[in-house]
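Structure at a glance
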Amino acid sequence: MRIVVTGLIASYPLGGVSWDYVQYIQGLQLLGHDVIYLEDTGQWVYNPDLRSFTEDCSFNLRYLEKVLAFLEPIATTRWSFRSPRGEYFGLAEHEIERVCNEADLFINVSGCCWLRERYQGCARKLYMDTDPLYTQYKLEAIRQGIATTDQAYSVDLILKHDLFFTFAENIADPSCCIPSCGLTWHTTRQPIVLEDWPFIFSPKAKAFTTVMSWKNDVTLPSIAGKSYGGKDVEFMKFMNLPLRVSAVMEIALSGAAPFDQLRQNGWEVVDGYEKSSTMDAYRSYVGGSRGEWSIAKNAYVAPMSGWFSTRSAVYLALGKPVVVQDTGFRPYYPIGEGLIAFTTLDEAVSAIESIEADYRRHCEAARAIAEKQFNSEMVLGRLLRDAGVSHDGTA
């Protein structure tokens, strides 16, 4: 089966971001499919040396080629990247148009590809909502007749897809207040190619870590008159956690954060870009951690979305116990060993101390959860079935 997969590998040349999209390409290739990678956001690209966005994509193209070279032991990946100036690299404009017309499935991961007319030839175009509530906020604004011009344009592109998938695994439950907006949402989660993330048991590993941006929302979403925030809103509720636990707590942090306040409360803070500058750097940082402790965006937590972090999934795969804020995902994952959800500060403290009391057991449980819940063969196999295509591409 021929499948087009979109992503942000060149646009945001960061290790953690790259892994998210590589797992789709690699996982589908391992299932035997011909995968073509397409990147066209219509936006400027991020240059980490400048710490800013730019039209010049020379650095980003070199980065993209290095990332795709990682896949070559499995298959040579054909790709096309449209620059902010409208130039096509890799497959030319007419070539990627032909590929899209001939494809059995077009998977727009994160909805990040500008769905231009030349990409619309595939009969099964799948919109992958990895950022729940932010997507539905725009859709609901149209339904309410209050959308901005930009929102209306974005929604028009979203509705040009034929299938709709979301990381909001709790979206159909009454406890979740994210509206369906008149669409049928299939739930899914991040696929993990387990061979990329071997079990690492390091009893002397020092710190519970996470990798995060403090605040990166341009426009905060609101539904039914209620506004929702980002990670900064939730993190402040747990600011003094390091003062209450025996473990070392560390954040690889990016963005304009209250660094002095964090350090005064016992957090060890390291540079987020340094720990995620490449795919290897990111994997090494996660692999050297004792476990993960993390909050989620308020926009995922407050509506009880059921969203689960792609980052937490790779911690689990490496055998690193994960302590994460509950977003409504409890009914869909085994909780208690290897993966512990918390709502309050007391619950977070108890979870960390529980792991410290029997570390090996929790490490082994973490890996077992990844094998059963995030295995790319299982996750992507279900996605293809829910998309209405069989393994050989027939409907």
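Worth saying up front: this structure is predicted, and the values here are computed from it rather than measured.

Reading the values: rules and limits
- Residues numbered from 1 in each chain as written.
- Predicted model: local features only at pLDDT ≥ 70, side-chain atom pairs only at ≥ 80, totals over all residues.
- Heavy atoms only, no water.
- Buried < 20%, exposed > 50% of the residue type's maximum accessible area, 1.4 Å probe, protein only.
- Helix = DSSP H or I, 4+ residues; strand = E, 2+ residues; numbered from the N terminus.
- Pairing = 2+ DSSP bridges.
- Right-handed = clockwise from strand over helix to strand, strands pointing away.
- Axes fitted to C-alpha atoms, helices over the stretch in contact; angles between N-to-C directions.
- Contact = heavy atoms within 4.5 Å.
- 1 Å grid on protein atoms, 1.4 Å probe; cavity = no way out; pocket = protein on both sides within 12 Å on 5 of 7 lines; lining within 4 Å.
- Points joined across faces, edges and corners; volume = space filled by probe spheres on them.
- Nonpolar A, V, L, I, M, F, W, Y, C, P; charged D, E, K, R; others polar.
- Polar contact = N/O pair within 3.5 Å; in protein donor to acceptor, adjacent residues only side chain to side chain.
- Parallel < 35°, antiparallel > 145°, perpendicular 65-115°, else oblique.
- Phe/Tyr/Trp six-rings, centres within 6.5 Å; stacked < 30°, edge-to-face > 60°.
- Lys NZ or Arg CZ within 6 Å of the ring centre and 35° of its normal.

**What to know about the pairing of strand β15 (residues 248-254)**
- For β15, the buried fraction is high: five of the seven residues fall into the buried class.
- Pairing of strand β12 (residues 211-213) with β15 involves three bridges; the strand directions are parallel. By the bridge assignment, Ser213 is partnered in β15 with Ser254.
- By the bridge criterion, four bridges tie β15 to strand β16 (residues 268-271) in an arrangement that is parallel. Looking at the pairing, Leu253 lines up with Asp271 of β16.
- On the question of chirality, the crossover connecting β15 to the parallel β16 by way of helix α7 (residues 259-264) is right-handed.

**Comments concerning the sheet that holds strand β1 (residues 2-6)**
- Sheet architecture is open: eight strands sit in the order β6-β5-β2-β1-β7-β8-β9-β10, paired in mixed fashion. The open sheet has two edge strands, β6 (88-90) and β10 (185-187), and neither has a second partner. Across the sheet, the mean angle separating the axes of adjacent strands is 25° when strand polarity is ignored.
- Bridge count for strand β2 (residues 34-39) against strand β5 (residues 78-82) is four bridges, and the pairing is parallel. Counterpart to Tyr37 in the pairing with β5 is Trp79.
- Each of β1, β2, β7 (105-109) and β8 (125-129) is contacted by helix α1 (residues 15-30), which is oriented at about 170° to β1, the strand it contacts most.
- Each of β2, β5 and β6 touches helix α2 (residues 58-69); the most contacted strand, β5, lies at about 160° to it.

**Regarding unusual backbone geometry**
- Of note, Ser110 is a non-glycine position whose phi angle comes to about 65°, a positive value.
- Of note, Ser110 is situated in the loop between β7 and β8.
- Unlike most non-glycine residues, Cys181 shows phi in positive territory, near 60°.
- Looking at where Cys181 falls in the secondary structure, it is placed in the loop between β9 (163-166) and β10.
- Judged by its relative accessible area of 10%, Cys181 falls in the buried class.

**Some words on the environment of Trp44**
- Structurally, Trp44 is set in the loop between β2 and β3 (45-47).
- Between the C-alpha atom of Trp44 and that of Asp56, which follows or precedes it by 12 residues, the distance is 8.1 Å.
- Setting aside its immediate chain neighbours within four residues, Trp44 contacts Phe53, Thr54, Glu55 and Pro84.

**A short note on empty space enclosed by the protein**
- This structure, assessed with the given rule, holds two cavities of 30 Å³ or more.
- Its volume calculated, the largest cavity comes out at about 60 Å³.
- Together, Ser294, Ile295, Ala296, Trp307, Phe308, Ser309, Arg311, Ser312, Val324, Gln325, Thr327 and Phe329 line the largest cavity.
- Of the volumes computed, that of the second largest cavity is approximately 40 Å³.
- Lining the second largest cavity we find Gly16, Trp19, Asp20, Gln23, Gln190, Ile192, Tyr282, Thr310, Arg311 and Val314.
- Among the secondary structure elements, those contributing two or more residues to the lining of the second largest cavity are α1 and α11 (310-317).
- Considering each element in turn, the lining of the second largest cavity owes the most residues, four residues, to α1.
- For the lining of the second largest cavity, the per-class residue count stands at four nonpolar, four polar and two charged.

**Quick look at the side chain of Asn298**
- Mapping Asn298 onto the fold places it in helix α10 (residues 298-301).
- Polar contacts involving the side chain of Asn298 include one to the side chain of Glu234, which spans 2.7 Å.
- Among residues more than four places away in sequence, those in contact with Asn298 are Tyr228, Gly229, Gly230, Val233, Glu234 and Pro303.

**Digging into the packing of α11 against helix α13 (residues 359-373)**
- Between α11 and α13, the shortest axis-to-axis distance is 7 Å and the interhelical angle comes to 120°. With respect to α13, the axis of α11 lies oblique. Along the contact surface, α11 presents Ala313, Leu316 and Ala317, while α13 presents Ala366, Arg367, Ile369 and Ala370.
- Residues that form the contact of α11 with α13 fall into these classes: six nonpolar, no polar and one charged.

**Examining the packing of aromatic side chains**
- This model, assessed by the stated rule, comprises 21 aromatic pairs.
- Consider the rings of Phe164 and Trp185, whose centres lie 5.8 Å apart with planes at 65°: the pair is edge-to-face. Here the residue Phe164 occupies a position in strand β9, and Trp185 occupies one in strand β10, the gap between them amounting to 21 residues.
- Measuring from centroid to centroid gives 5.1 Å for Phe238 and Phe342, while their planes differ by 75°, and the two rings are edge-to-face. In this pair, Phe238 is assigned in the loop between α6 (231-235) and β15 and Phe342 in strand β19 (residues 339-342), connecting sequence segments 104 residues apart. Exposure class is identical for Phe238 and Phe342. Each is buried.
- Three or more aromatic residues joined by ring pairs make a cluster, and in this case those are Trp214, Phe235, Phe238, Trp267, Trp293 and Phe342.
- Over the ring of Trp114 we find Arg116; its NZ or CZ atom is 4.1 Å from the centre of that ring.
- Between Lys297 and the ring centre of Tyr134, over which it is positioned, the NZ or CZ distance is 4.8 Å.

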